[in-house]
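A look at the structure
Each chain is listed here by its residues.
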Amino acid sequence: MKNLKFYLFAILMVITVCSCEKDDDSLSNPFIGTWKYENTSENWYDQYTFQSNLEGTYRFVDEIGEVYDTPFSYEFTESLIIIDDYEEKVGISYEIDGNSLIISNYIYYKQ
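Quick look at the structure, then. (Residues numbered from 1 in each chain as written. Predicted model: local features only at pLDDT ≥ 70, side-chain atom pairs only at ≥ 80, totals over all residues. Heavy atoms only, no water.)

Let us look at the environment of Glu-55. Within the secondary structure, Glu-55 sits in strand E3 (residues 55-61). Taking the C-alpha atoms as reference points, Glu-55 and Tyr-74, separated by 19 residues in sequence, lie 6.0 Å from one another. (Helix = DSSP H or I, 4+ residues; strand = E, 2+ residues; numbered from the N terminus.)

The structure is reproduced here in structure tokens:
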């Protein structure tokens, strides 16, 4: 776990240095809105709702309908999204193709 945190910290430092070299206005926010992944075979889903103020909510609904919401803040580059749920900051590579957001081999669809 320490190694993971070290690598995430190193990635964050690289992003910070690179972001100082770029014009912040050059990258529009492609995340704004709600993105949902449904696991129909196990009857659960999760979704991310991203707001323009760089805050959002992660929602997980389990197979019996229990809802778990977690607020977060986020920042992003052209290929990496950094999500901070106020306990841990995690950088994840992503790809957006039309109405599909691919994160960690899961495809979320814009709602």
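The subject of this paragraph is the pattern of salt bridges. Any two side chains of opposite charge can pair, on the condition that their charged atoms come close. All chains considered together, the criterion is met by three salt bridges. Here Glu-38 makes a salt bridge to Lys-36, at a shortest N to O gap of 4.0 Å. Lys-36 gets classed as buried once you look at its relative accessible area, which sits at 17%. Notably, a salt bridge pairs Glu-75 with Lys-89, separated by 3.9 Å at the nearest N-O pair. Residue Glu-75 is found in strand E4 (residues 67-76), and its partner Lys-89 is found in strand E6 (residues 89-97); the two are separated by 14 residues along the sequence. (Salt bridge = Lys/Arg side-chain N within 4 Å of Asp/Glu carboxyl O. Buried < 20%, exposed > 50% of the residue type's maximum accessible area, 1.4 Å probe, protein only.)

Another point: the pairing of strand E5 (residues 80-84). Across the five residues that make up E5, a large majority, five, are buried. With four bridges joining them, E4 and E5 adopt antiparallel strand pairing. Bridged to Glu-75 within E5 is Ile-82. Here E4 hands over to E5 after three residues, the two strands then running antiparallel side by side. Across five bridges, the pairing between E5 and E6 is antiparallel. Paired with Asp-84 across the bridge in E6 is Lys-89. (Pairing = 2+ DSSP bridges.)

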